[in-house]
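Notes for the structure review
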Amino acid sequence: MAKITPIDIIKGISGSYGNNSGDYFATNSSSNKIRLAKLKNPYKGPATEKQLAQQQKFKTRQAVVTTWLNSNKPSNTNGDKGTAIYQQAQKWKRALGLSSVAQVLYKYLDDKNELHLPTIVDEGTDTGKTVTP
């Protein structure tokens with residue numbers, strides 16, 4: 001397989017290209033890997049009940065993740081690095097090789113859309129303070 005080092009303008013490409021083309025770019029911003037795909041025979045009819053149910057499930061899960069990120073990400077109230085659990089989620093992201101904290105959160109969402117992150121222990125103090133989300 002060929003290894004390509006993309007120029008800056010290519011690094012930002014995502015989505016389809018060309019007029020009525022089935023060719024797509026997908027760029028992973030954290031690993032800088034670019035994937036090319038060709039969509040054959042796309043379905044053009046209305047969404048089925050199963051598809052609509054899956055879309056609703058995704059919207060609900062996305063709302064939970066977005067709410068968590070908005071309350072824990074770096075801000076004036078949470079500091080430059082975010083809350084302690086957000087910083088831990090960043091470490092899990094790197095350890096698991098994921099491209100975003102949202103992917104870590106999806107990993108710990110259950111079927112009821114409740115987030116169950118593991119308990120972390122603050123190693124910087126002698127008391128071993130436990131931080132839970």
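A short tour of the structure in this document, coming up. (Residues numbered from 1 in each chain as written. Predicted model: local features only at pLDDT ≥ 70, side-chain atom pairs only at ≥ 80, totals over all residues. Heavy atoms only, no water.)

**As for the pattern of salt bridges**
On inspection of all chains with the given rule, the structure shows 1 salt bridge. Between lysine 38 and aspartate 23 there is a salt bridge whose closest N-O contact spans 2.9 Å. With lysine 38 in strand S3 (residues 33-38) and aspartate 23 in strand S2 (residues 23-28), the pair connects residues that are 15 residues apart, well separated along the chain. Of the residues examined, aspartate 23 reaches a relative accessible area of 19% and is grouped as buried. (Salt bridge = Lys/Arg side-chain N within 4 Å of Asp/Glu carboxyl O. Helix = DSSP H or I, 4+ residues; strand = E, 2+ residues; numbered from the N terminus. Buried < 20%, exposed > 50% of the residue type's maximum accessible area, 1.4 Å probe, protein only.)

**Quick word on the pairing of S2**
Note on strand geometry: in a regular strand, side chains alternate between the two faces of the sheet. With 2 bridges connecting them, strand S1 (residues 15-16) and S2 associate as antiparallel partners. The residue bridging glycine 15 from the neighbouring strand is phenylalanine 25, located in S2. Counted along the chain from S1 to the antiparallel partner S2, the turn is 6 residues long, and its residue glycine 18 has a positive phi close to 85 degrees. Pairing analysis gives 6 bridges linking S2 to S3, with the strands arranged antiparallel. (Pairing = 2+ DSSP bridges.)

**Here we look at the environment of tyrosine 86**
Within the element layout of this structure, tyrosine 86 appears in helix H3 (residues 84-96). The class of tyrosine 86 is buried, set by a relative accessible area of 12%. With 15 residues separating them along the chain, tyrosine 86 and serine 71 place their C-alpha atoms 9.5 Å apart.

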